[in-house]
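What follows is the residue order along each chain.
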Amino acid sequence: MNKTCIALALAGMVGAAEAAVVVKPHAYEIAGETYEGLLVYDDSVTTPRPGLLMVPNWLGVTERSAEKAARAAGDKYVVFMADLYGKAVRPSNPDEAKAAATSVRGDRPLMRKRTQAAVDAFKSQQEVALADGKMAAIGFCFGGGAVLELARSGSDLDAFVSFHGNLDTPNPDDAKQIKAPVLVLHGADDPAVPKEQVDAFIAEMKATDADWQMNIYGNAVHSFTDPYANVPGRNEFNPEVAERAFQAMNSLLDEVFVSQ
C-alpha cells in the first residue's frame, strides 16, 4: 500500500483544517509471517493519547478504512488498524474479501490470536506516544465481530465497540471472560445480522456479569458508517445514524478513559 496515496486520500476527506492527520504503515510479525497495519493520528497533538485498536471490514487494510480510522481518531486518540490477513493478502474485490474473511472467521482461535497480536504490536510501537494503560478496540462489520471475539477471549482492554458487526460465536460461554464494557451498534434492518443472531447475543450477554449495551438504530442496514456503501436495503451509508454511533462510541470511551 502506498503511504503517499493514503495521505492524499485523507487530505481530501478531512480538509485543510485537519491536514495534520498522519498515516504510517507499521509492520509486525505473527508466527514468523509479516503483517502490516496502519498508525493513524493527528500529529499536531504532542501529548500522549489513549489508543484505539481498529479492525476494519472484510476488505482489510485499505485507503477507505484509513479514512474511517482518521474519523475515529480525531485529535483525541491514536488508532492502529489491525491486519488480520497478513501483508501479502490484500483483497481487491468482494469475492476475495469474502474468501479471506471466511478463512479467519472460520477459525475463532486464529482470529483472536491475530487480533491480540495487533494489540501487542500497538502497545510496543515507538512511533507515537500512548497514554499509559488506556486502550480500547473498535471494529466494523467483519472487524466488529473480531473485536467481540477479542472481548470474549478475556483481553484486558478498557472497552470493546462493534459497528454493524457479526454477533455470533461458537462458544457463548466465553462471554463470561469479558473484562470491560462492550458496546454494540447495530442497524435494525441489517440483513447480514438477522434477529436470531441479535437475540442469541442478548441471551449470551444476559448469562454473564458483563457490562454491555446495544444500540439498535432504525432505518439502518449493514455498513451504515461506510460512506462508500451503496447497495440499497443491504449495505448502505446512513450519515445520521453514523454520527449517532460515533457519538455513542465517544461517550463510552470518555467514560472509561476519564474514570481511570
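If you look the protein chain up in an unreviewed UniProt entry, it shows as Dienelactone hydrolase family protein from Stutzerimonas zhaodongensis.

**Student:** Is there a simple way to explain helix α4 (residues 108-124) in this structure?
**Tutor:** For an α-helix, the turn length of 3.6 residues means that residues three or four places apart are oriented alike. With 17 residues, α4 extends 24 Å from end C-alpha to end C-alpha; this agrees with the ideal 24 Å at 1.5 Å per step. Restricting attention to buried positions, one finds in α4 the residues R108, M111, R112, R114, T115, A117, A118, V119, A121 and F122.

**Student:** Teacher, can you tell me more about the pattern of salt bridges here?
**Tutor:** Once their charged atoms are close, side chains differing in charge can pair, the charge on each being opposite to the other. The final tally for this structure, using the stated rule, is 14 salt bridges. Notably, a salt bridge pairs D174 with R112, separated by 2.9 Å at the nearest N-O pair. Here the residue D174 occupies a position in the loop between β6 (160-163) and β7 (182-187), and R112 occupies one in helix α4, the gap between them amounting to 62 residues. Like R112, D174 is buried. Residues E149 and R152 are paired through a salt bridge, measuring 3.0 Å at the closest nitrogen-oxygen approach.

**Student:** Could you clarify how one ought to interpret the pairing of strand β4 (residues 78-81) in this entry?
**Tutor:** Every regular strand shows the same layout, with side chains that alternate between the two sheet faces. Residues V78 and F80 point to one face of β4 and V79 and M81 to the other, with burial holding for every one of them. Bridging between strand β2 (residues 33-42) and β4 involves three bridges; their strand directions are antiparallel. What sits directly across from L39, in β4, is F80. For strand β3 (residues 49-55) and β4, the ladder comprises four bridges, and the chain directions are parallel. Bridged to L52 within β4 is V79.

**Student:** Just to check I follow, could you spell out the nonpolar core for this structure?
**Tutor:** Nonpolar side chains tend toward joint burial in soluble globular proteins. L53, F80, L84, F160, L167, V182 and F201 are the most contacted members of the largest nonpolar core, which totals 46 residues. F160 has contacts with A137, V147, L150, A151, S155, A180, P181, V182 and L183, leaving out every residue within four places of it along the chain. The next biggest cluster of nonpolar side chains, apart from the first, holds 35 residues, and it includes V79, I138, A220 and F246.

So, how was this worked out
Residues numbered from 1 in each chain as written. Predicted model: local features only at pLDDT ≥ 70, side-chain atom pairs only at ≥ 80, totals over all residues. Heavy atoms only, no water. Helix = DSSP H or I, 4+ residues; strand = E, 2+ residues; numbered from the N terminus. Expected span 1.5 Å × (residues − 1). Buried < 20%, exposed > 50% of the residue type's maximum accessible area, 1.4 Å probe, protein only. Salt bridge = Lys/Arg side-chain N within 4 Å of Asp/Glu carboxyl O. Pairing = 2+ DSSP bridges. Core = buried A, V, L, I, M, F, W, Y, C linked by side-chain atoms within 4.5 Å. Contact = heavy atoms within 4.5 Å.

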